[in-house]
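Topology and contacts: notes
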Amino acid sequence: MLGGVDVIRFQNVGVRYGLGPEILHDVSLRLEEGSFHFLTGASGAGKSSLLRLMYLANQPSRGLVSLFGHDISTTPRRDLPNLRRQVGVVFQDFRLIDHLTAMENVALPLRVAGASEAQVQEHVPELLSWVGLEDQIDARPPTLSGGQKQRVAIARAIIARPKLLLADEPTGNVDDHIAMRLMHLFEELNKIGTTVVVATHNKALVTGFAHPRLHLADGELSVLKAGSPFPENIDQTDGEGLR
Amino acid sequence: MRSAPVLPLTRDASSRFLPWLIAFMVWLAAMALAAVLVLSSFGNQWRNNLTGTLTVQIAATPDGQSATTEQRLNRALDILRKTPGVLKAEALPLKQISDLLAPWLGRDVVTETLGLPIPRLIDVKIQPDANIDVAALWERLNKEVDGTQVDDHGTWLDKLITLAAAVEAIALAVLALISVAAIATVVFATRTSLTIHHEVIELLHVIGAKDAYVADQFHRHALGLGLKGGIAGALLATATLLGLGSLWTGVESSLMPPVSLNIWQWACVLAVALAAGGISTVTARITVLRALGRMP
């Protein structure tokens, strides 16, 4: 990981909520541009907290967080939206807006960024078609299956061509076949230069793809090479049959 | 293609009750404002009509001889007209005095048959810039025509104007309180909506929406609700004021000037509706921006 441009840099980062115990301790990491990492760890290990720091939903209690070379603690608040627009996030629970159509949900990052209606009409149907939802453009989330919702959520995360894609348990709600398709989609995005972090506790998924791992245990992070043996404490209930 | 609003604010319960609350507050505010404007007009009219005037009362002679009273009246008129600063001094005709007393004593009060010793009144107009010493004038008149009284209306006029000013101040205070209540209501409704739509707002925040993007949606929604309620309240207030105006025309009183609002005063009253929209918009925007400012 040396020599490339750092998309994310954490240095001695600690996170605690209120007066509670520290969830993450002294986390230090560098993710260079175009890298692909899995983020693993048992439930409650702090994966979501780490991701929230990466997509700037939270501030660290201590330490340095740098995104695209910007130290978050010194970046003016008014400049943070522009940094967030370069990050695509796929949430475990999708977070689609129920009263908007699939088209409107996917178009949201473009509209927020002030894109023209012509750009929206050009790019959104194309992307929905790419993820196999060309027939569901006007469907609202409550009428979609789990896999379809997941694909809408992914389309929304990548519509604005983010430099960094963060996915929190993206395969948690889909079957193995869809999970494989999603992973190949992430790899395609990674090949065109997008830095990807996929949080999962699906052992089969992690072992099926040769990417390094960020492993969280008891709030401490270790960076493991691709193919490293799985620690004993990881939850292996998901995706056992996935190969 | 027109896309649906990202935040479904129209579905919130506050969208249903807020226009009614605003309509009620606008009605109250318009009534308070109308009261302020009317009382202010009253005060001005009282000042204009009665300041710069004196009423001199010539007591009737005890023998009731009208000829003697006429002589005393003419003597007083002569003194008054020669007093520097007096613009005009006119005796009230007996017919007018009779009309004034008619409600209490009947129409025959100054006729030969009844022949009561009725005092005569002189209406004195003073030059606006004149500074007449009323006490000295009174003393001089009494030397020449005993039993003369001079009334500059100051005592009761001051009390009346003070009373009107107090009521006006209370109406202004009511207006201010209604404004504060309106702001508090919009703040409460906006905070409730922020809580209801917290997840969508956090999503917008994460995908890079600026605070202004979210605030725009809230303030446009609040403007719509504020204007809807404001227009309803203003229409109700207009109907109420027109009704009160028509009732007032039936009240005969020389003290109470006719109640009517001029076009500018009507514009002020109706502007309360626009103010409701403005207050709602600004309050919602500030509330949202302050709440979002607490997010990272």
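Being a predicted model, the structure only gives us computed values, none of them experimental. (Residues numbered from 1 in each chain as written. Chains lettered and ligands numbered in written order. Predicted model: local features only at pLDDT ≥ 70, side-chain atom pairs only at ≥ 80, totals over all residues.)

**Notes on unusual backbone geometry**
Residues and elements named next belong to chain A. Phi at Phe68 is positive, roughly 50°, even though this residue is not glycine. By the element assignment, Phe68 lies in the loop between β4 (62–67) and β5 (70–71). At Glu169, a position not held by glycine, the phi torsion is positive, near 50°. (Helix = DSSP H or I, 4+ residues; strand = E, 2+ residues; numbered from the N terminus.)

**Some thoughts on the interface of chain B and chain A**
Counting residues at the interface gives 15 residues for chain B, matched by 19 residues for chain A. If you tally residues by element for the side of chain B that touches chain A, the top one is helix α6 (residues 198–206) of chain B, at 5 residues. The residue makeup of the side of chain B that touches chain A, split by class, is 11 nonpolar, 2 polar and 2 charged. (Contact = placed C-beta atoms within 7 Å. Nonpolar A, V, L, I, M, F, W, Y, C, P; charged D, E, K, R; others polar.)

**Here we look at the pairing of strand β6 (residues 87–90) of chain A**
In the case of a regular strand, side chains alternate between the two sheet surfaces. Residues and elements named next belong to chain A. Of the two faces of β6, the one carrying Val87 and Val89 and the one carrying Gly88 and Val90 are both buried. Sheet topology note: the β6/strand β7 (residues 164–168) ladder contains 4 bridges and is parallel. Within β7, the residue paired with Val90 across the bridge is Ala167. (Buried ≥ 20, exposed ≤ 12 C-beta atoms within 10 Å, placed from the backbone. Pairing = 2+ DSSP bridges.)

**Here's the deal with the sheet that holds β5(A)**
Residue and element names in this part refer to chain A. What the 4 strands build is an open sheet, ordered β2-β1-β4-β5; its pairing is antiparallel. Two strands lie at the open edges of the sheet, namely β2 (22–32) and β5, each paired on one side alone. For strand β1 (residues 6–16) and β2, the ladder comprises 7 bridges, and the chain directions are antiparallel. Each bridged residue has a counterpart across the sheet, and for Phe10 the counterpart in β2 is Leu29.

**Let's talk about the environment of A:Arg78**
Residues and elements named next belong to chain A. Along the chain, the position of Arg78 falls in the loop between β5 and α2 (80–84). Overall, the presence of 10 C-beta atoms within 10 Å leaves Arg78 in the exposed class. Along the backbone, Arg78 and Arg181 are 103 residues apart, and their C-alpha atoms lie at a distance of 37 Å.

**Overview of the nonpolar core**
Judged by nonpolar contacts, the single largest core of 113 residues is most densely connected at A:Val106, A:Leu166, B:Val26, B:Ala30 and B:Val272. Leaving out residues up to four positions away in the same chain, B:Ala30 has contacts with B:Gly233, B:Ala234, B:Ala237, B:Val269 and B:Val272. (Core = buried A, V, L, I, M, F, W, Y, C linked by C-beta atoms within 7 Å.)

**As for the packing of helix α3 (residues 102–112) of chain A against helix α5 (residues 146–158) of chain A**
Residues and elements named next belong to chain A. Packing of α3 against α5 brings their axes to within 7 Å, and their N-to-C directions diverge by 30°. By the criterion of interaxial angle, the relationship of α3 to α5 is roughly parallel. In this structure, α3 crosses over α5, and the sense of that crossing is right-handed. Residues Ala102, Asn105, Val106, Leu108 and Pro109 of α3 lie in contact with α5, whose contacting residues are Val152, Ala155 and Arg156. Taken together, the residues of the contact of α3 with α5 sort by class into 6 nonpolar, 1 polar and 1 charged. (Axes fitted to C-alpha atoms, helices over the stretch in contact; angles between N-to-C directions. Parallel < 35°, antiparallel > 145°, perpendicular 65-115°, else oblique. Left-handed = near helix turned anticlockwise from the far one by under 90°.)

**Observations regarding helix α3 (residues 94–105) of chain B**
The end-to-end C-alpha distance of α3(B), which contains 12 residues, comes to just 14 Å, noticeably less than the 16 Å that a straight helix rising 1.5 Å per residue would cover. Among the residues trailing α3(B), B:Gly106 stands out with phi positive, at a value near 90°. (Expected span 1.5 Å × (residues − 1).)

**Concerning the confidence of the model for chain B**
All names here are of chain B. Per-residue pLDDT for chain B averages 84, and the proportion of residues at 70 or more is 88%. No element of chain B has a lower mean pLDDT than α3, at 77, and none a higher one than α6, at 94. Two summary scores accompany this predicted model of the complex, namely pTM at 0.76 and ipTM at 0.87. (pLDDT = per-residue confidence, 0-100.)

**Some remarks on helix α4 (residues 117–130) of chain A**
Count 3.6 residues to each turn of an α-helix, and residues three or four apart come out pointing the same way. All names here are of chain A. Here α4 spans 20 Å end to end across 14 residues, near enough to the 20 Å set by a 1.5 Å rise per residue. Turning to α4, its buried residues are Val120, Val124, Leu127 and Leu128. Within α4, the buried residues cover an arc of 95° as seen down the axis, which keeps them to one side. Residues Ala118, Glu122 and Glu126 are exposed on α4 and point more than 90 degrees away from its buried face. As for α4, its buried residues are in contact with α3 and α5. Just downstream of α4, Gly132 is the residue with a positive phi angle, here 80°. (Arc of directions from axis to C-beta.)

**Quick notes on the packing of helix α7 (residues 211–248) of chain B against helix α8 (residues 263–293) of chain B**
All names here are of chain B. The contact between α7 and α8 brings their axes to 7 Å, and the two run at 155°. Taken together, α7 and α8 sit at an angle that is classed as roughly antiparallel. For the pair α7 and α8, the sense of crossing is right-handed.

**A word on the sheet that holds strand β2 (residues 86–91) of chain B**
Residue and element names in this part refer to chain B. Strand order in the open sheet formed by 4 strands is β2-β3-β1-β4, with antiparallel pairing between adjacent strands. If you trace the sheet from one side to the other, it starts and ends with β2 and β4 (148–151), each paired once. Here the average twist between neighbouring strands, direction ignored, is 20°. On the sheet, helix α4 (residues 134–144) packs against β1 (53–58) and β4 and is oriented at approximately 165° with respect to β4.

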